[in-house]
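Spelled out from the first residue to the last, the chains are:
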Amino acid sequence: GEPTCRSQKLMLQGGLIHPSSPGCYYYMPPAVRAMEKLIKVTDEEMRAVGGQKLNMPSLSSAELWRASGRWDRMGPELFRLADRHGRGYCLGPTHEEAVTELVAAQSNLSYKQLPLRLYQVTRKFRDEPKPRFGLLRSREFYMKDMYTFDASEEAARQTYDLVCDAYRSLFDRLGLPFIKVRAATGSIGGTVSHEFQLPAGVGEDRLVVCPDGHFAANVETLNGEQTSCPTCGEKLAQTRGIEVGHTFYLGTKYSSVSNAIFYSPENKPQLAEMGCYGLGITRILAASIEVLSTEDSIRWPSLIAPYQLCFIPPKRGSKEEEEGAALLERVYDDLAEALPHLAGDSVLDDRTQLTIGRRLKDANKLGYPYVVIAGKRVCEDPPVFEVWHQNTGQVLFLTKEGVIELLSKVQVP
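Residues numbered from 1 in each chain as written. Predicted model: local features only at pLDDT ≥ 70, side-chain atom pairs only at ≥ 80, totals over all residues. Heavy atoms only, no water.

In the nomenclature of an unreviewed UniProt entry, the protein is known as Probable proline--tRNA ligase, mitochondrial of Aptenodytes forsteri. We quote the UniProt Function (unreviewed entry) comment for the protein here in full: "Mitochondrial aminoacyl-tRNA synthetase that catalyzes the specific attachment of the proline amino acid (aa) to the homologous transfer RNA (tRNA), further participating in protein synthesis. The reaction occurs in a two steps: proline is first activated by ATP to form Pro-AMP and then transferred to the acceptor end of tRNA(Pro)." The Sequence similarities (unreviewed entry) field of the UniProt record for the protein holds the comment "Belongs to the class-II aminoacyl-tRNA synthetase family." (UniProt positions renumbered as here; feature names shortened; annotations may be inferred.)

Peer 1: I would appreciate a short explanation of unusual backbone geometry in the present structure.
Peer 2: What you tend to see is this: most non-glycine residues have negative phi, and most peptide bonds are trans. The peptide bond linking Leu114 to Pro115 adopts the cis configuration, its omega dihedral lying at 0 degrees. By secondary structure assignment, the location of Pro115 is in the loop between helix H5 (96-104) and strand E7 (116-125). For Phe133, which is not glycine, the phi dihedral falls at a positive 60 degrees. Within the element layout of this structure, Phe133 appears in the loop between E7 and strand E8 (140-150). Positioned with a positive phi, Asn267 is a non-glycine residue whose angle comes to about 65 degrees. Within the fold, Asn267 resides in the loop between strand E14 (261-263) and strand E15 (269-271). Owing to a relative accessible area of 58%, Asn267 belongs among the exposed residues under this scheme. (Helix = DSSP H or I, 4+ residues; strand = E, 2+ residues; numbered from the N terminus. Buried < 20%, exposed > 50% of the residue type's maximum accessible area, 1.4 Å probe, protein only.)

Peer 1: Any chance you could explain the domain arrangement of the protein here in plain terms?
Peer 2: Domain annotation of the protein identifies domain 1 (6-292) and domain 2 (307-408). Relative placement of domain 1 and domain 2: their C-alpha centres are 41 Å apart. (Domains from an automatic or database assignment.)

Peer 1: Please explain the side chain of Gln120 as it appears in this structure.
Peer 2: Along the chain, the position of Gln120 falls in strand E7. Note on Gln120: relative accessible area 0%, which makes it buried. Ignoring anything within four residues of it in the chain, the contact list for Gln120 reads Leu54, Asn55, Met56, His95, Met143, Lys144 and Asp145. (Contact = heavy atoms within 4.5 Å.)

Peer 1: What should I look at first to understand the packing of aromatic side chains in this one?
Peer 2: For any two aromatic rings, the description comes down to two numbers: the centre-to-centre distance and the angle of the planes. Going through the model one piece at a time under the given rule, you end up with seven aromatic pairs. For the pair Tyr27 and Tyr142, a centre-to-centre distance of 5.8 Å together with 55 degrees between the ring planes defines the contact as tilted. One end of the pair, Tyr27, is in strand E2 (residues 24-27); the other, Tyr142, is in strand E8, and 115 residues separate them in sequence. Taking the relative accessible area as the measure of exposure, Tyr142 reaches 17% and is therefore buried. Aromatic side chains Tyr160 and Tyr277 sit 5.9 Å apart centroid to centroid with 50 degrees between the ring planes, which places their arrangement in the tilted category. With Tyr160 in helix H6 (residues 153-174) and Tyr277 in strand E16 (residues 273-280), this residue pair connects regions lying 117 residues apart in the sequence. Judged by its relative accessible area of 2%, Tyr277 falls in the buried class. (Phe/Tyr/Trp six-rings, centres within 6.5 Å; stacked < 30°, edge-to-face > 60°.)

Peer 1: Sorry if this is basic, but what is going on with the pairing of E7 here?
Peer 2: Note on strand geometry: in a regular strand, side chains alternate between the two faces of the sheet. The buried fraction of E7 is high, at nine of 10 residues. Summarising the sheet, strand E3 (residues 52-53) and E7 pair through two bridges and their orientation is parallel. Among the inter-strand pairings, Gln52 is bridged to a residue of E7, identified as Leu118. (Pairing = 2+ DSSP bridges.)

Peer 1: Please clarify how helix H11 (residues 356-366) should be interpreted in this entry.
Peer 2: Structurally, the α-helix is built with 3.6 residues per turn, so residues lying three or four positions apart point the same way. Listed as buried for H11 are Arg359, Leu360, Asp362, Ala363 and Asn364. Just downstream of H11 lies Gly367, where phi reads positive at about 80 degrees.

Peer 1: Honestly, the packing of helix H2 (residues 29-48) against helix H8 (residues 281-292) in this entry has me stumped. Any pointers?
Peer 2: Two quantities define a packed helix pair, namely the angle between the helix axes and the distance between the axes. Interaxial distance between H2 and H8 falls to 10 Å at its minimum, and their mutual angle equals 115 degrees. When the interaxial angle is binned, H2 and H8 end up roughly perpendicular. H2 and H8 meet at a crossing whose hand is right-handed. Residues Ala31, Ala34, Met35, Leu38, Ile39 and Thr42 of H2 form the contact with H8, whose own contacting residues are Ile281, Thr282, Ile284 and Leu285. In terms of residue class, the contact of H2 with H8 is made up of eight nonpolar, two polar and no charged. (Axes fitted to C-alpha atoms, helices over the stretch in contact; angles between N-to-C directions. Parallel < 35°, antiparallel > 145°, perpendicular 65-115°, else oblique. Left-handed = near helix turned anticlockwise from the far one by under 90°. Nonpolar A, V, L, I, M, F, W, Y, C, P; charged D, E, K, R; others polar.)

Peer 1: Whenever I open this one, the sheet that holds strand E18 (residues 346-348) confuses me. Can you help?
Peer 2: For sheets, the rule is that strands pair by backbone hydrogen bonds, running either parallel or antiparallel. The strand order E18-E17-E19-E20-E21 describes an open sheet built from five strands, whose pairing is mixed. Edge positions in the sheet fall to E18 and strand E21 (394-398), since each has one partner strand and no second. Neighbour-to-neighbour, the strand axes of the sheet open up by a mean angle of 20 degrees, direction not taken into account. Sheet topology note: the strand E19 (residues 370-373)/strand E20 (residues 385-389) ladder contains four bridges and is antiparallel. Note that in E20 the partner of Ile373 across the bridge is Glu386.

Now the structure itself:
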């Protein structure tokens, strides 16, 4: 079908994704680079709150899911299959059962070993009835999911606040305008839940927000038509959002099923208090393109752009051709020496049979944060380069030293 939203259209046009079957995509090399950068930034934030990374099987046994009651409750959303011996499995859309079984298997867990904050970044599966909007609602997607185990409800709620703050930090670093809203607990369960939403016209969630920031909620959590802020009485504004993160305080819902216990200071067995925390990795990629881009050009959060820099040498046959190409190469060499982290983050558009304008248009579409052009002024003394700073829309004319100074501020995860 036709692309139905801006991010899907731009990602298909830019060769970032290629459709496979409904709700499944090939992620092309630039998309994988952006995703790997996003995972690096996510890892930094998770490590900062004591997260330990692991990897759990995608195949999850039906018995585990039956024990928690979700085999039936999740209904047709689960991809189910049986092995040659007739044993049932599902492809994990989420891993509460699996991680709780893992922790329950640690037979002598002491309170001294808590809190445990375990997370993974992995491919998840959900049998969407109507996959749409490209990577915003697909059947296969990448997610960061963290599961925490604490010794008391109070400690678990502290962990909850800590991870929510890590999510805030992540979205702030990406420069994404998010709202944290009160949310329903749905099929995952628990007693407290929040979503991190990016306001966007194509968003599938309806949100109400206090203009002074006292209150924000997903409409599905409200009783009836709540129109004013419960704190200040101001009229609530309505908006739509794309959910990019979800946090849950679970209590002992899963630890009681699997008997995930630890031993207290008095050596008494106690159930661990749990929380779970999801971040949609591929959804953040698409949602950030959705909210930052123009109709015909991708704009990335600069931290996770697949490449930071595109060099455009002069057109073949132009009077600047030889000198310009040599000078541009020198800029690259000096840049690689001064800022080695940018050397592998640069692309040379060597299609010199095309005009500079045509190549600049392509660079614009793909959203390189910086484009350095050897144009008409490259033969001046000293040589002057044209630098496009995509995210601010500025065009600067700089010497080689100026180019290096401008790019010294660029961060790569």
